[in-house]
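Analysis of the macromolecular model
Residues per chain, in single letters:
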Amino acid sequence: MKDITVIKFGGSLTKNKEAQKKFIQELAQISKKQNIVLIHGGGPEINNLLNRLNIESKFVNGLRYTDEQTLEIVEMTLSGKVNKMLTAELIACGVKAVGISAKDGSIAICDVKKELGFVGEPTKIDINLIETLINGGFFPVISSVGMDKTAHSVNINADTLATNIAIEFKADKLIFLTDVAGVLGKDKNTIKEIKISEVDDLIKSEVITGGMIPKINSCKQAIQKGVKEVLIIDGISGIKQLKGTVIKK
């Protein structure tokens, strides 16, 4: 399937309702001309529900630890709330959106990262269901909940899921929407373009730090495995202008 764009909608953007509304409206317009697959997380929404239920959030090296109780909240929030909210908003804009999780159609089968509880690392991606939906004129909206080899639900990092799906499609574009204006240099200005050969040096020199490191490594992996270009863009500016950083071969 040609000309596929995979977009990862950052959970942090669900806190900014104006930015989310603008994104959905622009995405609806673009989807009439392009084949798009939307992947989403929803960390802030998960945190809100955990807080309301007085369940403490646990993190290991900055990553959420997902025990059985937390997993139930994660699946309820991502697949039951955020997924259906985004799907309904796209439908309201005239898009034939379909909300599913990465469990449906065995899209993402994962190994479990035991140190993080029920957190999965995709080992097999099956895009048949996604292709069927696109060929039928539908817009797939996918929550980052997959399953292990015994069909038990697992929480997947949404960046990781989007990267793996883009690689399987050999997508034309993989776009990460964030709440920052791409990758920032030491002068705090956006680096417009990064070659994958430059990534390691940017990390070693601490130009790229913190949570941007796994994201940029996902970008590098995607390019190495056949995705044409990856963009890390400022979601608040919308999806039409693509303000941010382009990662290329």
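This write-up is about the structure you can find in this document. Values in this document were obtained by computation on a predicted structure and should not be read as measured data.

Bringing the layout of surface pockets into the picture now. To locate leftover empty space, one rolls a probe as large as a water molecule over the atoms. Quantified by volume, the largest pocket comes out at close to 1,200 Å³. Looking at the largest pocket, it is lined by 43 residues, and the ones nearest its centre are K8, L63, N157, A158 and D159. Mapped onto the lining of the largest pocket, the elements with two or more residues apiece are α2 (43-52), β4 (63-64), β7 (120-125), α5 (158-169), β11 (173-178) and α7 (212-224). Considering only residue class, the lining of the largest pocket consists of 13 nonpolar, 22 polar and 8 charged.

Attention now moves to the sheet that holds strand β10 (residues 153-155). Pairing is mixed across the open sheet formed by 4 strands, whose spatial order is β7-β6-β9-β10. Of all the strands in the sheet, the pair left with one neighbour each is β7 and β10. The sheet shows a mean angle of 55° between the axes of neighbouring strands, taken without regard to direction. The sheet contact formed by strand β6 (residues 108-112) and strand β9 (residues 145-148) spans 2 bridges and is parallel. Following the sheet pairing, I109 is matched in β9 by M147. Relative to β10, helix α3 (residues 68-92) is tilted by about 80°, and along the sheet it contacts β9 and β10.

Looking now at the pattern of salt bridges. Counted under the stated rule, the structure contains 11 salt bridges. We note a salt bridge from K103 to E75, for which the minimum N-O separation is 3.0 Å. Of this pair, K103 sits in the loop between β5 (97-101) and β6 while E75 sits in helix α3, and the two are 28 residues apart along the sequence. With relative accessibility at 25%, the residue K103 sits in the partly exposed group. By sharing partners, the salt bridges in this structure join D172, K173, E229 and K248 into a single network.

Here we take up the nonpolar core. In summary, soluble globular proteins display a tendency toward joint burial of nonpolar side chains. Counting residues in hydrophobic clusters, the biggest one holds 42 residues, and the most contacted among them are V6, I142 and I165. In terms of residue count, the dominant contributor to this core is α5 (6 residues). With residues near it in sequence (within four places) discarded, I165 still touches V6, I39, I107, I125, I130 and I142.

What follows covers the packing of α5 against α7. When two helices pack together, their arrangement is given by the angle between the helix axes and the distance between those axes. Contact pair α5 / α7: the axes reach a minimum separation of 10 Å and the direction vectors enclose 10°. In terms of orientation, α5 lies roughly parallel with respect to α7. Seen from α5, the contacting residues are D159, T163 and I167; seen from α7, they are K215, S218, Q221 and A222. Here the residues of the contact of α5 with α7 sort into 2 nonpolar, 3 polar and 2 charged.

Closest axis-to-axis distance for the helix α1 (residues 17-30)/α3 pair is 9 Å, and the angle between their directions is 55°. When the axis of α1 is compared with that of α3, the two are oblique. Here α1 and α3 pass one another in a crossing that is right-handed. Note on element contacts: α3 touches α1 through M85, L86, E89 and L90, opposite K17, Q20, I24, L27 and A28. Its residues placed into classes, the contact of α1 with α3 shows 6 nonpolar, 1 polar and 2 charged.

Below, the discussion takes up the environment of N135. Along the chain, N135 falls in helix α4 (residues 128-135). Residues N135 and K149 lie 14 residues apart in sequence; the distance between their C-alpha atoms is 28 Å.

Moving on: α7. Taking 1.5 Å per residue as the helical rise, α7 with its 13 residues ought to reach 18 Å, and the 18 Å between its terminal C-alpha atoms agrees with that figure. Those residues of α7 not exposed but buried are M212, K215, I216, S218, C219, K220, A222 and I223. Residue G226 follows α7 closely and has a positive phi angle near 110°.

For strand β2 (residues 35-40), a buried count of 5 out of 6 residues is recorded, marking the element as mostly surrounded by other parts of the structure. Bridge analysis of strand β1 (residues 4-9) against β2 gives 6 bridges, and the strand direction is parallel. Along β2, the bridge assignment pairs I7 with L38. Two strands pair when backbone bridges link them, and β2 and strand β8 (residues 139-143) are joined in this way by 3 bridges, in the parallel orientation. Within β8, the position partnered with I39 by the bridge is I142.

Procedures and definitions
- Residue indices begin from 1 for each chain and proceed along its sequence in written order.
- Local features in this predicted model are restricted to residues of pLDDT 70 or higher, and side-chain atom pairs are both shown and tallied only at a pLDDT of 80 or more, whereas totals for entire chains, interfaces and linings draw on every residue.
- To get the side-chain values, all heavy atoms of the structure are used, and hydrogens and water are removed first.
- Cavities and pockets were defined on a 1 Å grid built over protein atoms only: a cavity is a set of grid points that admits a 1.4 Å probe from which the probe cannot escape, a pocket is an open set flanked by protein on both sides within 12 Å along at least five of seven lines, and lining residues are those with an atom within 4 Å of any such point.
- Grid points are joined across faces, edges and corners, and a volume is the space filled by probe spheres set on the points.
- Only DSSP runs of H or I with at least four residues qualify as helices, and only runs of E with at least two residues qualify as strands; both kinds are numbered from the N terminus onward.
- All residues other than Ala, Val, Leu, Ile, Met, Phe, Trp, Tyr, Cys, Pro, Asp, Glu, Lys and Arg, Gly among them, are scored as polar; the first ten of these are nonpolar and the last four charged.
- The pairing criterion for strands is at least two bridges between them, as found by DSSP.
- To get an axis, a line is fitted to the C-alpha atoms, and for a helix only the part in contact is used. The angle between two axes follows their N-to-C directions and goes from 0 to 180 degrees.
- Residues are treated as being in contact if the distance between any of their heavy atoms lies within 4.5 Å.
- Counted as salt bridges are all cases of a side-chain nitrogen of Lys or Arg within 4 Å of a carboxyl oxygen of Asp or Glu.
- Relative accessibility decides the category of a residue: with a 1.4 Å probe and only protein chains considered, values under 20% of the type maximum give buried, values over 50% give exposed, and everything between is partly exposed.
- Among buried residues, those of type Ala, Val, Leu, Ile, Met, Phe, Trp, Tyr and Cys that are joined through side-chain atoms within 4.5 Å constitute a nonpolar core.
- Note on angle classes: values under 35 degrees are labelled roughly parallel, values over 145 roughly antiparallel, values of 65 to 115 roughly perpendicular, and the remainder oblique.
- Should the near helix be turned counterclockwise from the far one by less than a right angle, the crossing is left-handed, whereas a clockwise turn marks it as right-handed.
- Helix span is expected to be 1.5 Å times the residue number reduced by one.

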